[in-house]
4 protein chains.
Amino acid sequence: MVVGHTIHLRVRYEETDTMQVVHYSKYLVYFEAGRIELLRSLGLVYRELERDGLLIPVVKAVAEYHAPARFDDEIMVRTWISKVGTSSIRFDNEITRLPENELLCAGHTVHVLVDKGGKPIKVPQEIRKRLSRTK
Amino acid sequence: MVVGHTIHLRVRYEETDTMQVVHYSKYLVYFEAGRIELLRSLGLVYRELERDGLLIPVVKAVAEYHAPARFDDEIMVRTWISKVGTSSIRFDNEITRLPENELLCAGHTVHVLVDKGGKPIKVPQEIRKRLSRTK
Amino acid sequence: MVVGHTIHLRVRYEETDTMQVVHYSKYLVYFEAGRIELLRSLGLVYRELERDGLLIPVVKAVAEYHAPARFDDEIMVRTWISKVGTSSIRFDNEITRLPENELLCAGHTVHVLVDKGGKPIKVPQEIRKRLSRTK
Amino acid sequence: MVVGHTIHLRVRYEETDTMQVVHYSKYLVYFEAGRIELLRSLGLVYRELERDGLLIPVVKAVAEYHAPARFDDEIMVRTWISKVGTSSIRFDNEITRLPENELLCAGHTVHVLVDKGGKPIKVPQEIRKRLSRTK
């Protein structure tokens, strides 16, 4: 089974715009919160990875917007790892509104592991194991 | 020739993150600034379109990140219209760093024209003409 | 006793900047989240107040920065109502880092109740009662 | 005469919120853009100061909101230095809407000069001279 994780967020006033819905750029912030917590659930604290000299910048982001989130909505961000390459990771996301679980946004991000100098590095064996752990 | 427009921006401190580069969500904000100014250059003031009951929400966004922008960089956002469908528009973007014109981010967004009730409407003839105007 | 409320937040990557600390503007976003939840705890759902035509825009904001918050820090936002005027409310805030409870930021915001036309209105009796409820 | 500088900005869609006005936290972002450009006009490039190990974090921010800015408004940010202390600087700001020059927001920020370790340092003589240059 796939490695996944779910978080719940409350839409902030600042995240909305003149159309009275969440601005389309903010879903990438929600995706990121989902990734951070998915990694934490696997024993990988992103802050510590960075401290150890391992960065995971994004090289591609895709989002499809199905329905708008609004101020004060409770939303659920589901994140899972769909691919681990030689030095890359792909995370997929789905954001829904609670309690109906209506789909708001689906997307994915692709990341490359790099050292502090920006040079790609292979996914270390210890991390690879955690990323593909069956739940 | 394609309808396009170019704007110049200065990266703000707030747009950067702990990696000391522009946060990946902010490129969607730059894309949007590019779209707004492209439309203005075609005689379409987005604020007035909204006032007249025509909204252009995004239904898909794609961004590929080639190199990071940093605080105080002068960047150029090039925006052009690559497709006008029955009730949709696709904008393409390229962001480069000046003065070398190094590619930082390329992407596109797809939009649907809707009325205030959220119902898709056909691209009005007057707008279609402007969007496909040869420059 | 004063009416107060406490929420816990996790600092997001997007909220930090090149100095590798939370950007100074984001504390106002945290203050706002604190206010919204304080109001909710008093039975006042801000989204519903807005729907009923009662807006509470800010007219003044003050923040003093004592120590920087960093990515992934768990912070606590304490919010309380320090004054209810004829048509104004003052909220005070303190943000600390957990688990040590180290003070990061203290401040306050002053708000005026207005109708949809922007005209100040007196704090309705029912709301005044809730805002000054002893806990 | 006081050292001052003026910049013009266009309000972005992302900077607005459900109240269809600029979110109150964004004025601090505008203040910052004003400071950066004021410093540049004095020959002080903030990015280079940081590179040289001199940081200027904010210790206090105050903003009074007089009238709301809206999407697509052209605004003017006036910034001036009102005080240079032993190791502190105070910047004052006024934001108005063009073309009427209507006052939207007035405020100030207080900063302390620190080294990379966060230790306060005296304002270097060369910088002090520039900050108090008569225009």
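Residues numbered from 1 in each chain as written. Chains lettered and ligands numbered in written order. Predicted model: local features only at pLDDT ≥ 70, side-chain atom pairs only at ≥ 80, totals over all residues. Heavy atoms only, no water.

A. Representation of the overall build of chain A in the model. A tally of helices and strands in chain A yields 3 helices and 5 strands. Along the chain direction, N to C, the helices and strands of chain A fall in the order β-α-α-β-β-β-β-α. Over its C-alpha trace chain A gives a radius of gyration of 16 Å, about what one expects of a compact globule, namely 14 Å for 135 residues. Viewed in the frame of its principal axes, chain A has a C-alpha envelope of about 45 × 30 × 25 Å. Within chain A, buried positions represent 58% of all 135 residues. Once local pairs closer than 6 in sequence are excluded, the contacts in chain A between residues at least 24 apart make up 68%. Total accessible area on chain A stands at roughly 5700 Å², and carbon and sulfur atoms take up 51% of it. Side-chain charges of chain A comprise 21 positive and 18 negative groups, with the mean position of each set lying 8 Å from the other. (Helix = DSSP H or I, 4+ residues; strand = E, 2+ residues; numbered from the N terminus. Rg over C-alpha atoms; globule rule 2.2 N^0.38 Å. Buried < 20%, exposed > 50% of the residue type's maximum accessible area, 1.4 Å probe, protein only. Contact = heavy atoms within 4.5 Å. Areas by Shrake-Rupley, 256 points an atom, 1.4 Å probe, with all protein chains shown as cover. Lys, Arg positive; Asp, Glu negative; His and termini not counted. Charge placed at Lys NZ, Arg CZ, Asp CG, Glu CD.)

B. Structural detail: the interface of chain B and chain A. The interface is formed by 24 residues belonging to chain B together with 24 residues belonging to chain A. Roughly 1900 Å² is buried in total at the junction of chain B and chain A, and carbon and sulfur atoms are behind 62% of that figure. For chain B, the biggest contributors to the area lost against chain A are Met19(B), Tyr24(B) and Tyr65(B); these three give 32% of the whole. At the surface where chain B touches chain A, the tally comes to 2 salt bridges. (Buried area = accessible area lost by both parts, 1.4 Å probe. Salt bridge = Lys/Arg side-chain N within 4 Å of Asp/Glu carboxyl O.)

C. Here's a closer look at the relation of the copies chain B and chain A. Superposing chain B onto chain A takes a rotation of 180 degrees combined with a translation of 0.0 Å along the rotation axis, leaving an RMSD of 0.0 Å. Between the two chains, the operation in question is that of a two-fold axis. Identified as the residue of chain B closest to the rotation axis by C-alpha distance is Val62(B), at 2.3 Å. An overlap of 100% is found between the interface residues of chain B and their copies at the interface of chain A, pointing to a shared contact surface. (Least-squares fit on C-alpha atoms with pLDDT ≥ 70 in both.)

D. Expanded view of the pattern of salt bridges. All names here are of chain D. For the coordinates displayed, the defined rule picks out 52 salt bridges over all chains. For Asp72, the salt bridge identified is with Arg10, shortest N-O distance 3.9 Å. Remark: Arg10 occurs in strand E1 (residues 4-10) and Asp72 occurs in the loop between strand E2 (58-65) and strand E3 (74-84); sequence separation between them is 62 residues. The exposure class assigned to Arg10 is partly exposed, which follows from its relative accessible area of 30%. Linking Arg97 and Asp73 is a salt bridge whose minimum nitrogen-to-oxygen distance equals 2.7 Å. Of this pair, Arg97 sits in strand E4 (residues 88-97) while Asp73 sits in the loop between E2 and E3; the two residues are 24 residues apart in sequence, bridging distant segments of the chain. Just as Arg97 is buried, Asp73 falls in that class too.

E. Layout of unusual backbone geometry. Of note, the amide linkage connecting Leu98(A) to Pro99(A) takes the cis form, showing an omega dihedral of 0 degrees. Its place among the elements puts Pro99(A) in the loop between strand E4 (88-97) and strand E5 (102-112). Positive phi, close to 80 degrees, is recorded for Asp72(A), a residue that is not glycine. With phi around 65 degrees, Asn101(B) is a residue other than glycine that occupies positive phi space. Topologically, Asn101(B) is positioned in the loop between strand E4 (88-97) and strand E5 (102-112).

F. Focus on the sheet that holds strand E1 (residues 4-10) of chain B. Strand order in the open sheet formed by 10 strands is E1(A)-E3(A)-E4(A)-E5(A)-E2(A)-E2(B)-E5(B)-E4(B)-E3(B)-E1(B), and the pairing between neighbours is antiparallel. What marks the edges here is a single partner per strand, and that holds for strand E1 (4-10) of chain A together with E1 of chain B. In this sheet, neighbouring strand axes are inclined to one another by 15 degrees on average, regardless of whether the strands run parallel or antiparallel. Note that E1(A) and strand E3 (residues 74-84) of chain A share 7 bridges and pair antiparallel. Across the sheet, the residue bridging to Leu9(A) is Ile75(A), located in E3(A). (Pairing = 2+ DSSP bridges. Axes fitted to C-alpha atoms, helices over the stretch in contact; angles between N-to-C directions.)

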